[in-house]
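Observations on chain architecture
So the chains spell out like this:
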Amino acid sequence: MSVILQNGLLKRERLTLGAFKVLQPTVNVLVVNLMPNRLQTERQFAQLLTHLSVNVRVTYAIPASHHIKNNAEVVKENYDTFEDIWQKKYDGLIVTGAPVDRIKFETIDYWQEFQQLLTWRKTHVRENLFTCWSAYGAGYAERNFPVRHSIKKVYGVYHVDHILNQRSQLTADLTQMTMPQSRYFTIPNEGIARRLKVAGNDLAGAFILRDERARSTYITGHLEYDTTTLEDEYQRDIKKDASTQQPKNYYVNGQPHNNWQKSAEKIFFNWGQLLIAGTQCIEMIDLLPALKHTREGEKTV
């Protein structure tokens, strides 16, 4: 379906994603974008959101306390801050990863605001999705599941060994799954409450957790990544450290290979089904009189 951009860098480029369907409901999703390449990340998540079965109105936000290194003025002009969203409600919240998983949580400039966001979501958001570092940060802050810092980077494309909850809406119609990983933490399979387990890997730990009580999904990887994103990261890192290891299970005949796209699209579609479950669609209610008139042959404006 269509992604309607409320703000952000993509909107500056006047891009339209997907096709708007009048007879489908529209949900409001807040994306907290903590990645340094914000334009690329916007595009990646927006593209995945087109696979939802409804229209999606997207608002991008950043913590006000975050020190932005690249294009700070442009980002501030085109993003909401948390101060702008505290009094609003959303159908969905997505919080991206961030390159801060080797830094102590308490020293991250927006850590206090992130904790406030975790509390706020419980009363202002229907469905929540935390990816990579934000899943790590949420686990640490709320003590809902164990998280461990890893000295060695979990880096590459990993196959899910176990889909542990076949009844989860998140894994509906999924018999196998692959996911890009780029992180310095693990969520160990052992020690996780059974009710939270959805999918994991024996080597890299949990990949997907789901807390029905908090209406929150936690994904340790980057399903949103494009084919070349891991390659770009590798080229960046090898300039800093020549001993950097290549991402695992990623190259085929020396070229980046994307074997996770179908998994990403399906998981986001399934998350969208959770998102719209029970949604009261005001837009649809408002359209009913116009649709009735149209059926009766009357002209509507």
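Residues numbered from 1 in each chain as written. Predicted model: local features only at pLDDT ≥ 70, side-chain atom pairs only at ≥ 80, totals over all residues. Heavy atoms only, no water.

Regarding the confidence of the model for the chain
Chain-level pLDDT for the chain is 88 on average; 87% of the residues reach the 70-or-more range. Confidence drops under a pLDDT of 50 for residues 280-301, and excluding neighbours within four residues, the segment shows 13 contacts in the predicted structure. (pLDDT = per-residue confidence, 0-100. Contact = heavy atoms within 4.5 Å.)

Considering the environment of Leu-52
Mapped onto the elements of the fold, Leu-52 is located in the loop between helix 2 (38-49) and strand 3 (55-62). Looking at Leu-52, the relative accessible area reads 3%, which means it is buried. For the pair Leu-52 and Glu-265, spaced 213 residues apart in the sequence, the C-alpha separation amounts to 8.6 Å. (Helix = DSSP H or I, 4+ residues; strand = E, 2+ residues; numbered from the N terminus. Buried < 20%, exposed > 50% of the residue type's maximum accessible area, 1.4 Å probe, protein only.)

Remarks on the side chain of Thr-217
In this fold, Thr-217 is placed in strand 12 (residues 216-219). A distance of 3.0 Å separates polar atoms of two side chains, one belonging to Thr-217 and the other to Arg-210. Aside from chain neighbours lying at most four places away, what touches Thr-217 is Asn-128, Leu-129, Phe-130, Leu-170, Ile-208, Leu-209, Arg-210 and Trp-271. (Polar contact = N/O pair within 3.5 Å; in protein donor to acceptor, adjacent residues only side chain to side chain.)

Quick word on the pairing of strand 11 (residues 205-211)
Two faces, one strand: in a regular strand the side chains alternate between the faces of the sheet. Taking burial as the measure, the seven residues of strand 11 include seven buried ones, the bulk of the element. The pairing of strand 10 (residues 197-201) with strand 11 spans four bridges and is classified as antiparallel. Note on strand 11: the bridge partner recorded for Gly-200 is Ala-206. Connecting strand 10 to the antiparallel partner strand 11 that follows it, the hairpin turn spans three residues. Pairing of strand 11 with strand 12 involves four bridges; the strand directions are antiparallel. Residue pairing in the sheet places Asp-211 in a bridge with Ser-216 of strand 12. (Pairing = 2+ DSSP bridges.)

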